[in-house]
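Now for the letters of each chain:
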Amino acid sequence: MTIYRQLQREANAGKKKFALLIDPDKNNLPGIKKMTELANAAGTDYFFMGGSLLLNDHLPEFIAYIRGHSNIPVILFPGNNLQLNDKANGILLLSLISGRNPELLIGRHVISAPFLKKSKLEIIPTGYLLIDGGNTTTVAYMSNTTPIPANKSEIAVCTAMAGEMLGMKLIYMDAGSGARQPVPPAMIEHVKSQIRLPLIIGGGITTPEMAWAAVQAGADVIVVGNAIENDPLLITRMTKAIHGG
Ligand code: 1GP
């Protein structure tokens, strides 16, 4: 079964998932080894790989290590075309639909299409929405777009609905890595009530309680990066909280 089909099935059955985000710029191989071990033991659902920049060339090495030592799917979450790698299991093909930057709506996809077609990556078309998290995040700056204000859930709802109507398979609402405030639960609830697609939430989630609040509001997948870079043992607690333990 494809990664997407399984996610969709489990989302419909109310099974919540935890994705551990690895930014290749902020990790080293010993750190990856430790995270892989913890994620395997905890039953973490996905590794997401990506970041807004690419300062080093560790991505292929990290993917190869994880694939060799874990059955957890590795899904690219690319900040740009330099972060494509055909050794992962799949890719969130992001269209930044909250923004009006044509390069991130379609331009980069055109450039990447021949590579993706040749690869065996499972391609998951994803409507990507940036939500204001109270500070300027790298992704907001690098994408040259204005995030949706956190108190304007009607804009997020209409944007997510449009993404679904355009045929996207997932909606990802992101406050951006290191956001001061995560996506508000009220906005998650409002968006989830108006779409049928699985909903991914990330950015600024630092405690299992915050992850649980997002899940309760309707998130199907929770993504955490920063907080785990600071404390890898959170992998266990986050996984447990999101799986309802
Ligand atoms: C960022 O949603 C992810 O794109 C995760 O954010 O690093 O703040 O957990 P954090």
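Structure first, text after, so check above.
Let me sum up the structure you'll find in this document.

Some words on the overall build of the chain
Broken down by element type, the chain carries 10 helices and 8 strands. The C-alpha radius of gyration computed for the chain amounts to 16 Å, which stays within 12% of the reference 18 Å derived for 245 residues, consistent with globular compactness. Going through the 245 residues of the chain one by one, you find that 53% of them count as buried. Sequence-distant contacts in the chain: of pairs separated by 6 or more residues, those separated by 24 or more amount to 73%.

A few points about helix 1 (residues 3–12)
Buried within helix 1 we find Ile3, Tyr4, Leu7, Glu10 and Ala11. Projected down its long axis, helix 1 shows its buried positions confined to an angular sector of 135°, all on one face.

Here we look at the site of the ligand
Around the ligand sit 13 residues in total, of which Asp174, Ser177, Gly178, Gly225 and Asn226 are the nearest. Asp174 has a polar side-chain atom sitting 2.5 Å from an oxygen atom of the ligand. Within the side chain of Ser177, a nitrogen or oxygen atom sits 2.5 Å from an oxygen atom of the ligand. Here the ligand loses 97% of its free accessible area of 310 Å² to cover by the protein chains. In a pocket analysis with a 2 Å cut-off to the grid points, the ligand is assigned to the largest pocket. Partitioning the shell around the ligand into residue classes produces 4 nonpolar, 8 polar and 1 charged.

Considerations on empty space enclosed by the protein
Applying the stated criterion to the full structure yields 1 cavity of 30 Å³ or more. Within this model, the largest cavity holds a volume of roughly 50 Å³. For the largest cavity, the full set of lining residues is Ile3, Leu7, Tyr46, Phe48, Ile75, Leu92, Ile124, Leu170, Ile200 and Val221. Elements that contribute at least two residues to the lining of the largest cavity include exactly helix 1 and strand 2 (46–49).

Observations regarding the layout of surface pockets
Quantified by volume, the largest pocket comes out at close to 880 Å³. Taken together, 49 residues make up the lining of the largest pocket; nearest its centre are Gly51, Ser52, Gly79, Tyr128 and Val139. Taken together, the elements giving at least two residues each to the lining of the largest pocket come down to strand 4 (90–96), helix 4 (102–118), helix 5 (138–143), strand 6 (170–174), strand 8 (221–224) and helix 9 (226–230). Taken together, the residues of the lining of the largest pocket sort by class into 22 nonpolar, 20 polar and 7 charged.

Concerning the nonpolar core
Here is a general trend for soluble globular proteins: nonpolar side chains tend to be buried in one another's company. Counting 78 residues, the largest nonpolar core has Phe48, Leu92, Met173, Ile201 and Ile222 as its most contacted members. The residues contacting Phe48, other than those within four sequence positions of it, are Ala19, Leu20, Leu21, Ile22, Ile75, Phe77, Leu92, Tyr172, Ile200 and Val223.

Quick word on the pattern of salt bridges
Two side chains of opposite charge can pair, provided their charged atoms sit close to one another. Within the structure shown, the criterion is met by 6 salt bridges. Here Lys17 makes a salt bridge to Glu10, at a shortest N to O gap of 2.2 Å. Assessed through its relative accessible area of 6%, Lys17 is described here as buried. With a shortest N-O distance of 3.7 Å, Lys16 and Asp220 are connected by a salt bridge. Highlighted residues: Lys16 in the loop between helix 1 and strand 1 (17–22) and Asp220 in the loop between helix 8 (208–217) and strand 8, separated in sequence by 204 residues. In this structure, a network of salt bridges that share partners links the residues Glu10, Lys17 and Asp45.

Conventions and cut-offs
Residues numbered from 1 in each chain as written. Predicted model: local features only at pLDDT ≥ 70, side-chain atom pairs only at ≥ 80, totals over all residues. Heavy atoms only, no water. Helix = DSSP H or I, 4+ residues; strand = E, 2+ residues; numbered from the N terminus. Rg over C-alpha atoms; globule rule 2.2 N^0.38 Å. Buried < 20%, exposed > 50% of the residue type's maximum accessible area, 1.4 Å probe, protein only. Contact = heavy atoms within 4.5 Å. Arc of directions from axis to C-beta. Near = heavy atom within 4 Å. Polar contact = N/O pair within 3.5 Å; in protein donor to acceptor, adjacent residues only side chain to side chain. Areas by Shrake-Rupley, 256 points an atom, 1.4 Å probe, with all protein chains shown as cover. 1 Å grid on protein atoms, 1.4 Å probe; cavity = no way out; pocket = protein on both sides within 12 Å on 5 of 7 lines; lining within 4 Å. Sits in = over half its atoms within 2 Å of the grid points. Nonpolar A, V, L, I, M, F, W, Y, C, P; charged D, E, K, R; others polar. Points joined across faces, edges and corners; volume = space filled by probe spheres on them. Core = buried A, V, L, I, M, F, W, Y, C linked by side-chain atoms within 4.5 Å. Salt bridge = Lys/Arg side-chain N within 4 Å of Asp/Glu carboxyl O.

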